[in-house]
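Residue strings, one per chain:
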Amino acid sequence: MSDRQTVLQLAQRSLVVLALAVALGLALFLGSRFFKDRMRDELAQAQQAQSANQASLAQKQTDLANLQAEISRFAVLRQQGLVGKAERETWAEQLVASRQRSGLPDTLTYTLHAPKPIAAQAGSATGAEPAPVADAPGEAAASGPQFHDLDIELSNIHEEELLALLQDYQAQAKGRFRVNACALSARTETGLSARCTLRFFTLPDVSPSPAADATTNPKPSPP
């Protein structure tokens, strides 16, 4: 073998090795480029998922704070007597106690009517007789918002005394009510006669027991 052939063979081998090295380097470059792009996409997806999780967490924290606030307000309403079982007997007792604290003459009489659904207020405003809550055995008791009318009558009373009585009763009564109507008449030297309707509102949180008939106390006895 001549020197020229030997050189050609060596050169050919070198070219093959160089080609393999170039191919390997190109493969490594393309591979690294591919994995780099893939990692970048995965990082972007992970960042998007993290942002979505953070937004979801923030929304859940906001919902939790709102729920806690609503629970607190609900607890206050329950404590005030607006939500839950209507404390009808307590209303009557507190009315008598308010009359005694106010030092008014013992002329108070009251009638606590059976509860009625809120929808019946429209009928009572037009003069129609609103339907009371079902109280027959087997009938479903109302579970929605209700109102309870408490009619009170006093004689030999002055306007400021009546106002003081209502203010004291509103501060002490376990329930929310409004003065739905009030009429003053028969003015004399010792005062006048007052007839007022106090309307309580309740929202039962469970199905209440059948409503009792209207409770009338012609004149409460002092303790």
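Within any chain, residue numbers begin from 1 and follow the written order of that chain's sequence. Local features in this predicted model are restricted to residues whose pLDDT is 70 or higher, and side-chain atom pairs enter the listing and the counts only when it is 80 or higher, whereas totals over whole chains, interfaces and linings include all residues. Excluding hydrogens and water, the side-chain values take into account all heavy atoms of the structure.

K.L.:
I would appreciate a short explanation of the overall build of the chain in the present structure.
P.N.:
For helices the rule is a DSSP run of H or I covering at least 4 residues; for strands it is a run of E covering at least 2, with both sets numbered from the N terminus onward. A count of helices and strands for the chain gives 4 helices and 6 strands. Beginning at the N terminus, the succession of helices and strands in the chain can be written as α-α-β-β-α-β-α-β-β-β. Three exposure classes are used, based on accessible area relative to the maximum for each residue type with a 1.4 Å probe and protein chains only: buried under 20%, partly exposed in between, and exposed over 50%. Looking at the chain as a whole, 24% of its 223 residues are labelled buried. Here, two residues are considered to be in contact whenever any of their heavy atoms come within 4.5 Å of each other. Relative to all contacts within the chain whose residues are 6 or more apart in sequence, the contacts with residues 24 or more apart total 75%. Looking at the chain as shown, the accessible area adds up to about 14900 Å², and 58% of this sits on carbon and sulfur atoms. The accessible surface values rely on the Shrake-Rupley method and a 1.4 Å probe; as for residues, cover is taken only from the protein chains in view.

K.L.:
It is not clear to me how the packing of aromatic side chains should be interpreted in this structure. Could you clarify?
P.N.:
Each pair of aromatic rings is reported with the distance of its centres and the angle of its planes. Pairing of aromatic side chains here covers Phe, Tyr and the six-membered ring of Trp, requires ring centres within 6.5 Å, and sorts the geometry by plane angle: under 30 degrees stacked, over 60 edge-to-face, intermediate tilted. Counting across every chain of the model gives 5 aromatic pairs. Taken together, a centroid distance of 4.0 Å and an interplanar angle of 10° make the contact between Trp91 and Phe200 stacked. A residue pair is termed long-range when its members are at least 10 positions apart, and Trp91 in helix H2 (residues 88-102) and Phe200 in strand E5 (residues 191-202) qualify at 109 residues. For Phe200, a relative accessible area of 0% puts it in the buried group.

K.L.:
When you look at the state of the cysteines in this model, what are you seeing that I'm missing?
P.N.:
A covalent bond bridging the sulfur atoms of two cysteines is what the word disulfide describes. Cysteine sulfur atoms that come within 2.5 Å of each other are treated as a disulfide pair. Applying the stated criterion to the full structure yields 1 disulfide. Across a sulfur-sulfur distance of 1.8 Å, Cys182 and Cys196 are joined as a disulfide pair. In this pair, Cys182 sits in strand E4 (residues 176-188) while Cys196 sits in strand E5, placing the two residues 14 residues apart along the sequence. Judged by its relative accessible area of 0%, Cys196 falls in the buried class.

K.L.:
I would appreciate a short explanation of the pairing of strand E1 (residues 109-112) in the present structure.
P.N.:
On a regular strand, each side chain points to the face opposite its neighbour's, so the side chains alternate between the two faces of the sheet. Residues of E1 alternate between two faces, with Tyr110 and Leu112 buried on one and Thr109 and Thr111 left unburied on the opposite face. The sheet contact formed by E1 and strand E3 (residues 146-157) spans 4 bridges and is antiparallel. Following the sheet pairing, Tyr110 is matched in E3 by Ile152. When DSSP finds two or more bridges between a pair of strands, those strands are recorded as paired.

K.L.:
How should I be thinking about the confidence of the model for the chain in this particular structure?
P.N.:
Detailed reading of the predicted coordinates is not advisable wherever pLDDT falls low. Per-residue pLDDT for the chain has a mean of 80; in total, 80% of the residues score no lower than 70. How sure the predictor is of each residue is captured by pLDDT, a score from 0 to 100. Within the chain, the element-level pLDDT minimum falls on strand E6 (residues 215-217), averaging 55, and the maximum on E1, averaging 96. Low confidence marks residues 126-141, where pLDDT is under 50. Its contacts with residues over four positions away, or in another chain, come to 25 contacts. Note that pLDDT drops below 50 for residues 207-214; the model gives that stretch 17 contacts with residues more than four away or on any other chain.

K.L.:
Where do I start with the pairing of E4 in this structure?
P.N.:
Bridging between E4 and E5 involves 10 bridges; their strand directions are antiparallel. Within the sheet, the bridge partner assigned to Phe177 lies in E5 and is Phe200.

K.L.:
Honestly, the nonpolar core in this entry has me stumped. Any pointers?
P.N.:
Within soluble globular proteins, side chains that are nonpolar generally end up buried alongside one another. We call a set of buried Ala, Val, Leu, Ile, Met, Phe, Trp, Tyr and Cys residues a nonpolar core when their side-chain atoms join them within 4.5 Å. Ranked by internal contacts, the top residues of the largest apolar core, which has 23 residues, are Leu150, Ile152, Leu154 and Tyr169. Counting only elements with at least two residues in this core, the list comes to H2, E1, E3, helix H4 (159-172) and E5. The dominant element in this core, judged by the number of residues it contributes, is E5, at 5 residues. With residues up to four places along the chain from it excluded, the contact list for Ile152 reads Leu95, Leu108, Thr109, Tyr110, Leu166, Ala194, Arg195, Cys196 and Leu198.

K.L.:
Looking at this model, I keep getting lost on the pattern of salt bridges. Mind explaining?
P.N.:
Close approach of charged atoms lets side chains of opposite charge pair. A side-chain nitrogen of Lys or Arg and a carboxyl oxygen of Asp or Glu constitute a salt bridge if their distance falls within 4 Å. Within the structure shown, the criterion is met by 8 salt bridges. With a shortest N-O distance of 3.4 Å, Asp106 and Arg99 are connected by a salt bridge. Assessed through its relative accessible area of 9%, Arg99 is described here as buried. Within this structure, Asp151, Glu153 and Arg195 form a network of salt bridges that share partners.

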